[in-house]
Amino acid sequence: MRTVNKVTAAVAGVAALVFSLGACSSSDDNTTPAASGTGSESAAATEAEVFTWWADGSEKAGLDALVAVFDTQHPNVKFVNAAVSGGGGSNAKPVLASRLASNDPPDSFQAHAGAELTDYINAGQVQDVSNLYDEFGLNDAFPADLISRLTVDGKIYSIPSNIHRANVTWANVALLKEAGLPTDAAAYESYTTDQWITALQQVKDKTGKTPLSVGGPWTQVQLLENVLIADLGADGYNGLWDGSTDWAGSDVTAALKNYEKLLSFTNEDRDGLDWAEPIASVESGDAAFNVMGDWAEAQFEADGKVLNTDYLAFPTPGTNGVFDFLADSFTLPVGAPHPDGAKAWLETIGSVDGQKAFNKAKGSIPARTDVDTSDFSEYQQTAIKSFANDTIVSSLAHGAAAPAAVLSDITDAISKFSAGSSSVEELQAALVTATKG
Ligand code: GAL
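Residues numbered from 1 in each chain as written. Predicted model: local features only at pLDDT ≥ 70, side-chain atom pairs only at ≥ 80, totals over all residues. Heavy atoms only, no water.

With that settled, the discussion passes to helix α14 (residues 352-362). Within α14, the full set of buried residues consists of Val352, Gly354, Gln355, Lys356, Phe358, Asn359 and Lys362. Buried residues belonging to α14 abut α2 (57-73), β6 (158-160), β7 (164-165), α12 (295-302), α13 (339-350) and α15 (378-389). Immediately beyond the C-terminal end of α14, within one or two residues, lies Gly363, with a positive phi of roughly 90°. (Buried < 20%, exposed > 50% of the residue type's maximum accessible area, 1.4 Å probe, protein only. Helix = DSSP H or I, 4+ residues; strand = E, 2+ residues; numbered from the N terminus. Contact = heavy atoms within 4.5 Å.)

See below:
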C-alpha cells in the first residue's frame, strides 16, 4: 500500500504546475513606479538588515550588484549585510531558524519559493506583502504560476528576485577531448544516465582524472534529484512530491543504483566541500563533469572562462526538456525591526533595474517577465528559452519541492550513504521514512 506522502499537504499541486512565461526580452520601459525610491523611508534615515547566504565569490558579486541598485534607489537606507556563508544555505538556515526562534529577525531574508516558504508562512514568521505588490505594481510583473507558488490562502508573503536552474551539468572541454568524448554540448542532450556512466568510465580509464566532481551533502542531494528526474522522468519525479510515485518502488531502486554508480566516480574528499571547489576542479581540468545550479555560470564568467571553448553547460543527461526550478524570494519577517528599510529592499528586489543587475551577475534569469535580457550571457539565453518551453519541476535540494524537515532527513540519509554507512536498500528505506507522513 502506498503511504500518504508527508510533503503532499504542504506542496499539493506545486510540482506539477507549469509556468506560462511571457516574453523575456521586452524593453526596460516598464520600470517600477519608483526607480529612485518611494521616498516612504526618507523622512528618517533607516537601515535594512538583509539575511542571505550570498557571502562569497560569484554569489557575493550578485548581491553586490543588487546592493548597488538599492543604494541608488534608496540612498537614505543603509544596507546591513547579514550574510552567512555556505552554499544552499547549509549554514545560514540554522542561524536564521535560531534568530527567528528568539524573536531576533533580520529586516528581510532569502527563502525559496515553494515548500520552504510555506514552512515560514505556516510558522507565522513572515508577513503578507500583497499590499506591496499593489503599491509597486508587481501583480502582472511575474509569471502567474510563480505567483501561485508564492501564494497561500490568497496572500503573498515574499517578492522573488530570480529563477535558477538546478539540472545543469558543467564539463571541461579539454579533458573531454583527452578522454575521447564529444566536446559539444548538443551531443550530451540525448544522453541517458547509462550512457553518461559509460562516458565517466572512459574519463577514468583514459585520463585518470576525476570523472565527476561533487561536494558535501546538499550538493549530493542535488545530484540525487538530477538522477531521479533523469530516470523517473518529470512526471515520475513530480509524483514523488504529490504521492503518486512510490518512494519504495523498483524504479526508484534503479535510480538509486545509478546514483551509487555516479558517486563511485566522484572525488573522495567530497563530504567536506561546498559547491565552488568542485566547480573549480572542472574549470582547472582536474575533473570532467559536475552537476550544479546555474550560479556556477556566474563563477565561470567571473573567472574569464568561455562557454563552449573552455567549458560546456547542458541539461544533466536524461533531463533534456526539463527545467529543474528554484527561485530566491525575499520576505518581510514578523517583528522586522526596520519595516521601512525592509520595504525599500523589497521594492528594489521587485524592480526591473534590481532584477536586471542582480540576475546578470548571478547566472540566473529574472523572475519578472519584462526585463531586457538581450545582453545576458549565452548560457542564460539557453535558460530563458528552456524556462519558457520546457517542463518545470521543483528542486528538492533548494527548498522548492519538500518542506525543510523532509529535506533535512533526506540530507542525513544521503550523508550516511556517502560515508559508506548504508546500502542502496537502506538508503531507499530511509528515503521512504523521510517522506512518509
Ligand atoms: C541556492 C540559492 C542560490 C544559490 C545556491 C548556492 O539555494 O537559491 O541563489 O545561492 O543556493 O549557494
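Moving on from the model shown.
Regions with low pLDDT should not have their predicted coordinates read in detail. Model confidence for the protein is summarised by a mean pLDDT of 91, while 90% of its residues fall at 70 or above. This model gives residues 1-39 a pLDDT under 50, and the stretch forms 107 contacts once residues within four places in sequence are excluded. (pLDDT = per-residue confidence, 0-100.)

This paragraph deals with the packing of aromatic side chains. A full pass over the atoms with the stated rule returns 22 aromatic pairs. Ring centres of Trp218 and Trp295 lie 6.5 Å apart, and the angle between their planes is 45°; this geometry places the pair in the tilted category. Taken together, the residues span a long stretch of sequence, with Trp218 in helix α9 (residues 217-242) and Trp295 in helix α12 at a distance of 77 residues. On the accessibility criterion, Trp218 (12% relative accessible area) is buried. A ring pair is formed by Phe330 and Trp345, whose centres lie 5.7 Å apart and whose planes are at 80°; its orientation type is edge-to-face. One end of the pair, Phe330, is in strand β13 (residues 328-331); the other, Trp345, is in helix α13, with 15 residues separating them in the sequence. Classification of Phe330 by relative accessible area gives buried; the value is 0%. (Phe/Tyr/Trp six-rings, centres within 6.5 Å; stacked < 30°, edge-to-face > 60°.)

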